[in-house]
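Residue-level listing of the chains:
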Amino acid sequence: MDFSIILKETVNDDEVASVSIKQRKCRFAEENRLTVSDRYSFSACIINCRRNKQLELCNCTSHLIPKSKSSEQCDLDGLLCLNNNYLQLSLKKSQGSLQGGSDCYCEPNCDDIELQRIDGEITTIAEPLYSMELKLAYLPSERFRRNVVRRQIDLVVSMGGAVSLFVGASLLSTVEIIYYFTIRQLGSCWLQYTRNADTTKIDFNE
């Protein structure tokens, strides 16, 4: 078997790590939430999902699951249960699909190198041996970069510039208006109240 592959690399700017996982839709290796691996990866997430599905269906896990506890490993009856539910455990259910399978949602890796097969040929040989040859079709020529287009501070600056352009007010003017109608008014009312209290005091020593 001969296969030709190409490489596609994805790199990230330093500011990408400060963005939430929900926004960037990927996860770094140190942002681990799995029990089967110390570092996060897409494949480890799929294995972790299948482990949870095995516990749900058969109340045990396969002994081939990484870092599986001895108390959770299946006995003979458990292995028969895994075999009977093989299709549901091995297939990955697509989002919104009504077909059976494991409903796994795993974020892709932020730092990723994708291997893509572009062509291949399967040849048979007379001997009971198999050989596989992998070759790089050409040197990597594409690199994808994930960067942050707009940060939160950029949004504040843009909003301040828009308000200043169309309204003629700046962020400092807005703060001054809020101060004038809230804190200053409360301070004036409190000062007036204390003055009235002082004038109504009666001196019993006279």
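Residues numbered from 1 in each chain as written. Predicted model: local features only at pLDDT ≥ 70, side-chain atom pairs only at ≥ 80, totals over all residues. Heavy atoms only, no water.

1. Details of the overall build of the protein chain
For clarity, the threshold we go by: Labels follow the DSSP assignment, with helices taken as runs of H or I lasting at least four residues and strands as runs of E lasting at least two, numbered in each case from the N terminus. Throughout, a contact is declared for two residues whenever any of their heavy atoms are within 4.5 Å. Calculation of accessible area relied on Shrake-Rupley with a 1.4 Å probe; when residues are assessed, cover is drawn exclusively from the protein chains displayed.
A count of helices and strands for the protein chain gives seven helices and four strands. Of the regular secondary structure in the protein chain, the N- to C-terminal order runs β-α-α-α-α-β-β-β-α-α-α. At a minimum sequence separation of 6, the contacts of the protein chain that also span at least 24 residues come to 64%. If you sum the accessible surface of the protein chain, you get close to 16,300 Å²; carbon and sulfur atoms cover 55% of it.

2. Section: the packing of aromatic side chains
The criterion, for reference: Side-chain rings of Phe, Tyr and Trp, where Trp is taken by its six-membered ring, are said to pair if the distance between their centres is within 6.5 Å; with planes under 30 degrees apart they count as stacked, over 60 as edge-to-face, and otherwise as tilted. Ring-over charges, as used throughout, are those where CZ of Arg or NZ of Lys falls within 6 Å of the ring centre and within 35 degrees of the ring normal.
Within this structure, the stated rule accounts for zero aromatic pairs. Taking NZ or CZ as reference, Arg27 lies 5.3 Å from the ring centre of Tyr40, over its face.

3. Digging into helix H3 (residues 76-84)
The condition that has to hold: Relative accessibility thresholds used throughout: buried, under 20% of the residue-type maximum; exposed, over 50%; partly exposed, between the two (1.4 Å probe, protein chains only). It is the directions from the helix axis to the C-beta atoms whose arc is reported.
Within the sequence span of H3, burial applies to Gly78, Cys81 and Leu82. For H3, the arc enclosing every buried residue in end-on projection is 100°, short of the 170-degree limit, so these residues lie on one face. What points out from H3, more than 90 degrees from its buried face, is the exposed set Leu76, Asp77, Asn83 and Asn84. Looking at the buried positions of H3, the neighbouring elements they touch are helix H2 (42-58) and helix H4 (86-90).

4. With respect to the pattern of salt bridges
A side chain of one charge can pair with a side chain of the opposite charge if their charged atoms are brought near each other. Quick note on the threshold: The working definition used for a salt bridge is a side-chain nitrogen of Lys or Arg within 4 Å of a carboxyl oxygen of Asp or Glu.
A full pass over the atoms with the stated rule returns eight salt bridges. Two residues, Arg27 and Glu107, come together in a salt bridge whose shortest N-O distance is 3.3 Å. With Arg27 in the loop between helix H1 (21-24) and H2 and Glu107 in the loop between H4 and strand E2 (112-121), this pair connects stretches of sequence that are 80 residues apart. Lys53 is paired through a salt bridge with Glu56; the nearest N and O atoms lie 3.9 Å apart.

5. A short note on a negative patch on the surface
The line we're drawing: Exposure above 30% relative accessible area and no salt bridge define the residues that can form patches, which grow by joining like charges within 9 Å and nonpolar side chains of Val, Leu, Ile, Met, Phe, Trp and Tyr within 5 Å. A residue counts as positive if it is Lys or Arg and as negative if it is Asp or Glu; His and the chain ends are not included. Charged side chains are reduced to one point each, which is NZ for Lys, CZ for Arg, CG for Asp and CD for Glu.
Together, Glu30, Asp111, Asp112 and Glu114 line one region of the surface with negative charge. Inspection of the secondary structure assignment puts Asp111 in the loop between H4 and E2.

6. Observations concerning the side chain of Ser4
In this structure, Ser4 sits in strand E1 (residues 2-12). Among all residues touching Ser4, those that are not within four sequence positions of it are Gln116, Arg117, Ile118, Asp119, Lys135 and Ala137.

7. Some thoughts on the pairing of E1
A regular strand places its side chains on the two faces of the sheet in alternate fashion. The condition that has to hold: Strand pairing is assigned whenever DSSP detects at least two bridges linking the two strands.
Bridging between E1 and strand E3 (residues 133-136) involves four bridges; their strand directions are parallel. Bridge pairing in E3 links Ser4 to Lys135. The sheet contact formed by E1 and strand E4 (residues 143-146) spans four bridges and is parallel. The partner of Thr10 across the bridge, within E4, is Phe144.

8. Thoughts on H2
Our working definition: Helices are assigned an expected span. That span is 1.5 Å times one less than the residue count.
Look at H2: 24 Å from first C-alpha to last across 17 residues, which is about the 24 Å you get at 1.5 Å a residue. Of the residues one or two after H2, Asn59 is the one with positive phi, at around 60°.

9. Section: the side chain of Ser62
Among the structural elements, Ser62 can be located in the loop between H2 and H3. Of the residues examined, Ser62 reaches a relative accessible area of 13% and is grouped as buried. Excluding residues that lie within four positions of it along the chain, Ser62 makes contacts with Gln54, Ser68, Cys74 and Leu82.

10. Observations concerning unusual backbone geometry
The phi torsion at Lys25 lies on the positive side, around 60°, for a residue other than glycine. Despite not being glycine, Lys67 has its phi angle at roughly 55°, a positive value. Within the element layout of this structure, Lys67 appears in the loop between H2 and H3.

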